[in-house]
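# Chain and residue survey
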Amino acid sequence: MEGVDHLADERNKAEFNVDDMKIIWAGSRHAFDVSNRISRFVATDPVFEKSNRALMTRKELFKNTLKKSVYAWKIIKELRLSDEEGIKLRIFMDQPGFLDLHWGMFVPAIKGQGTEEQQQKWLSLANKMQIIGCYAQTELGHGSNVQGLETTATFDPKTDQFIMHSPTQTSSKWWPGGLGKVSTHAVVYARLITNGKDHGVHGFIVQLRSLDDHSPLPGITIGDIGMKFGNGAYNSMDNGFLMFNQFRIPRDQMLMRLSKVTREGKYIASDVPRQLVYGTMVSVRQTIVSKASDALARAVCIATRYSAVRRQFGSENGGIETQVIDYKTQQNRLFPLLASAYAFRFVGEWLKWLYTDVTQRLEASDFVTLPEAHACTAGLKSMTTSATSDGIEECRKLCGGHGYLWCSGLPELFAVYVPACTYEGDNVVLQLQVARFLMKTVSQLGSGKAPAGTTAYMGRAQHLLQCRSGVQKAEDWLNPSMVLEAFESRALRMAITCAKNLSKFENQEQGFSELLADLVEAAIAHCQLIVVSKFIAKIEGEIEGKGVKKQLKNLCYIYALHLLHKHLGDFLSTNSVTPEQASLASHQLRSLYSQVRPNAVALVDAFDYTDHYLGSVLGRYDGNVYPKLFEEALKDPLNDSVVPDGYHEYIRPLIKQNFPSAKL
């Protein structure tokens, strides 16, 4: 029934104040107010309608994205929205497009690597959208291995120009979003060559298209790379290819904050430390972790609400069936994902602090914490995006057959999100960067140099290698110090085991290559420890709101104990816990599920997502699922006619056995 809240009974069970939890989720009252206001503005504006996206052709979808993107920019300017409000508007528009790369990669690259003069020239144009930019790094033949890029930028001292060239097919730029059809400019990464010497990969601002008629400039071959995974989804983005044929740009379009080429062709490194580039990298990866929380929260919101609506089996004497969410198997799969969404939210908040700290240190030429910050953000980007993409797919399965419908919102959410496991660093490659940092940290233990930041626990190596968990009863697994010690012990012992195995190889790189799988697992253990520790720090701090702290504690220990259960082999093989203690953890986990159950719907309500943003019939706020499923089905073009096109041509002859004679 319209206007009836079919989930009202669920909401009435809540043991905490949902409005207070909304502020915790948003990060502050101000952040909540901005998010709430902008999301509802977008939801009520017909231009941002998206329910028919799956039925559009690629060209229709692309043009629709252009319309929405330009309209969003118009709103931002006319209403004088702040940067924060503008970012929220683009998020709630919920359609990947060129604005994402212009503001998310092109502008930050110029800010981070351009001189003051270059920033003044190019950012004044970019900030007004008088030029549209993208970030052209990845090539057809090279992605993660940036140092293997083949595009060249050769300096010609006769003309004071760089000659941009794509010497091979594999040197084609391939994948940059916004490149295919929209961008007028790009920050292009190419091998800098002066006087016959290769100085490695550097960034260049390159105009790609005419500002008068948008045609590609002579010497440039450019286009879209084609359809991608899913209906709608990331196909709204014009991921492109780009090839240069002896294309010339002025010398001053090399980004010269960190190094420069003189008029005579001399290569000079700047006094500005190259490490400043890492500040931008930390910022980008912090944003990715925050988006992981958002994407997982959307999927969990859909699956939780639908699990409360859906009933199956369990009826006695013709009575009402059991809600799917009441089955322990459903809780065991769903509630850890709910806990993960909150966990990733809080570690994302901590990464914001880390970015501020790193930036301040870099400005003061303090690079001490940079390696740890780089490893930390690399690992958390990898861990959270992998867990989120897997979690979205699990939520689809939790919704049964209906989860496979496009209108459930889950197939498109998965298709849009899963590239995050690859862009800004392949997830396995990133964990190997973490592993290298861990191996270096282990090698320095006992040298007098104390590990800092997220590796500070390694400074207690002697204790952690000898200690045995003190857990004696199930309730002990609600003791933060005991949980942390188990995770610290596991992470440290796995890292030290890898280091010992590496030491058996005369050639360290060969050993690293042989032990890749073990090193990745050690890195993951370290990253999971970071998330658990930040979640515990959150619940141990000041938290306002009726019943809120108790719910967050329940979610924190669900997150930790489910990881313990999932990676039990690691905990047992490192003697971090005993089989008996693992059994107690499983018992406590079941108890926590029972405590979260009456609060589950309210906990996803705290995400404060509009039905427009969720884009899901199954996850509707009012729970009115089944009538709306029929409405969506009847909108399909196949239902425009009762008798389908092709009946007289194919179906009738088949049924009547009236086929023309076959001829060989």
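Residues numbered from 1 in each chain as written. Predicted model: local features only at pLDDT ≥ 70, side-chain atom pairs only at ≥ 80, totals over all residues. Heavy atoms only, no water.

### Observations regarding the overall build of the protein
Each helix and strand in the protein was counted, giving 23 helices and 11 strands. The C-alpha atoms of the protein give 27 Å as radius of gyration, which agrees with the globular expectation for 664 residues (26 Å, within 12%). Projected onto its principal axes, the C-alpha positions of the protein cover 90 × 80 × 65 Å. Of the contacts formed within the protein by residues at least 6 apart in sequence, a portion of 74% connects residues at least 24 apart. Separation between the mean location of the 74 positive side-chain charges and that of the 70 negative ones in the protein comes to 2 Å. (Helix = DSSP H or I, 4+ residues; strand = E, 2+ residues; numbered from the N terminus. Rg over C-alpha atoms; globule rule 2.2 N^0.38 Å. Contact = heavy atoms within 4.5 Å. Lys, Arg positive; Asp, Glu negative; His and termini not counted. Charge placed at Lys NZ, Arg CZ, Asp CG, Glu CD.)

### Observations regarding the packing of helix α8 (residues 277-309) against helix α10 (residues 370-398)
At a closest axis distance of 9 Å, the pairing of α8 and α10 adopts a crossing angle of 20 degrees. Classified by the interaxial angle, the pair formed by α8 and α10 is roughly parallel. Viewed along their axes, α8 and α10 form a crossing whose handedness is left-handed. Partitioning the contact of α8 with α10 into residue classes produces 17 nonpolar, seven polar and two charged. (Axes fitted to C-alpha atoms, helices over the stretch in contact; angles between N-to-C directions. Parallel < 35°, antiparallel > 145°, perpendicular 65-115°, else oblique. Left-handed = near helix turned anticlockwise from the far one by under 90°. Nonpolar A, V, L, I, M, F, W, Y, C, P; charged D, E, K, R; others polar.)

### Observations regarding the pattern of salt bridges
Tallied over the entire structure, the rule returns 35 salt bridges. Measuring nitrogen to oxygen at the nearest pair gives 2.9 Å for the salt bridge that ties Arg597 to Glu10. Taken together, the residues Arg597 in the loop between α19 (579-596) and α20 (600-605) and Glu10 in helix α1 (residues 8-12) connect sequence positions 587 residues apart. Look at Arg597 and you get buried, because its relative accessible area is 8%. For Glu10, a relative accessible area of 4% translates into the label buried. In this structure, the salt-bridge partner of Arg490 is Asp570, at a minimum N-O distance of 3.2 Å. Here Arg490 is found in helix α14 (residues 480-502), whereas its partner Asp570 is found in helix α18 (residues 568-573), with 80 residues between them in sequence. (Salt bridge = Lys/Arg side-chain N within 4 Å of Asp/Glu carboxyl O. Buried < 20%, exposed > 50% of the residue type's maximum accessible area, 1.4 Å probe, protein only.)

### A short note on the domain arrangement of the protein
Examined at the domain level, the protein breaks down into domain 1 (1-49 + 276-664) and domain 2 (133-275). Placing the centre of domain 1 and that of domain 2 at their C-alpha centroids yields a distance of 36 Å. Facing the 15 residues of domain 1 at the interface are 13 residues of domain 2. There are zero salt bridges connecting domain 1 and domain 2. Linking domain 1 with domain 2 are one residue pair in polar contact (both at pLDDT 80 or more). For the side of domain 1 that touches domain 2, the elements supplying multiple residues, two or more each, are α8 and α11 (410-417). Broken down by element, the residue count for the side of domain 1 that touches domain 2 peaks at four residues, all from α11. Residue composition of the side of domain 1 that touches domain 2, grouped by class: 12 nonpolar, one polar and two charged. (Domains from an automatic or database assignment. Polar contact = N/O pair within 3.5 Å; in protein donor to acceptor, adjacent residues only side chain to side chain.)

### What about the UniProt feature "active site" (unreviewed entry) in the protein?
Per the UniProt record, "active site" (unreviewed entry) is found at Glu424. By secondary structure assignment, the location of Glu424 is in the loop between α11 and α12 (427-443). In contact with Glu424, not counting residues within four places along its chain, are Met105, Val284, Arg285, Ile288, Lys381 and Leu430. (UniProt positions renumbered as here; feature names shortened; annotations may be inferred.)

### Let's talk about the nonpolar core
Nonpolar side chains in soluble globular proteins tend to end up buried together. One finds Tyr342, Leu380, Leu552, Tyr559 and Phe607 to be the most contacted residues of the largest nonpolar core, which totals 143 residues. Take this core: its biggest share by element is 16 residues, from helix α9 (residues 328-363). Beyond its immediate chain neighbours, meaning those up to four positions away, Tyr559 contacts Ala339, Ser340, Ala343, Phe344, Met383, Val531, Val532 and Phe535. (Core = buried A, V, L, I, M, F, W, Y, C linked by side-chain atoms within 4.5 Å.)

### Quick notes on the packing of aromatic side chains
Taken as a whole, this structure holds 20 aromatic pairs when the rule is applied. Centre to centre, the rings of Phe229 and Phe414 are 6.1 Å apart; their planes meet at 80 degrees, and the pair counts as edge-to-face. Of this pair, Phe229 sits in the loop between β7 (220-224) and β8 (240-244) while Phe414 sits in helix α11, and the two are 185 residues apart along the sequence. We classify Phe229 as exposed; its relative accessible area is 55%. Members of the aromatic cluster, each reached through a chain of ring pairs, are Trp25, Phe92, Tyr342, Phe346, Phe535, Phe607, Tyr609 and Tyr613. When the ring centre of Tyr613 is taken as reference, the NZ or CZ atom of Arg298 above it lies at 4.1 Å. (Phe/Tyr/Trp six-rings, centres within 6.5 Å; stacked < 30°, edge-to-face > 60°. Lys NZ or Arg CZ within 6 Å of the ring centre and 35° of its normal.)

### Comments concerning the UniProt feature "domain: Acyl-coenzyme A oxidase N-terminal" (unreviewed entry) in the protein
This chain's UniProt record puts "domain: Acyl-coenzyme A oxidase N-terminal" (unreviewed entry) on residues 17-132. Taken end to end, residues 17-132 has its terminal C-alpha atoms 45 Å apart, with 73% of it in helix and 0% in strand.

### Re α12
Between the first and last C-alpha of α12 there are 25 Å, a value that for 17 residues agrees with the 24 Å anticipated at 1.5 Å per step. Looking at α12, one finds that the buried residues are Asn427, Leu430, Gln431, Leu432, Val434, Ala435, Phe437, Leu438, Met439, Thr441 and Val442. Packed against the buried residues of α12 are α8, α10, α14, α15 (508-514) and α16 (516-540). For α12, the N-terminal capping position is held by Asp426, with its side-chain oxygen 3.0 Å away from the main-chain nitrogen of Val428. (Expected span 1.5 Å × (residues − 1).)

### Focus on the environment of Met494
Structurally, Met494 can be placed in helix α14. Overall, the relative accessible area of 10% leaves Met494 in the buried class. Sequence-wise, Met494 and Leu445 are 49 residues apart; in three dimensions their C-alpha atoms are separated by 15 Å. Not counting residues up to four positions away in its chain, the partners in contact with Met494 are Glu521, Ala522, Ala525, Asp570 and Thr574.

### Re the side chain of Asp608
Looking at the secondary structure, you find Asp608 in the loop between α20 and α21 (611-614). For Asp608, a relative accessible area of 10% corresponds to the buried category. Here Arg40 takes part through its side chain, which lies 3.1 Å from a polar atom of the side chain of Asp608.

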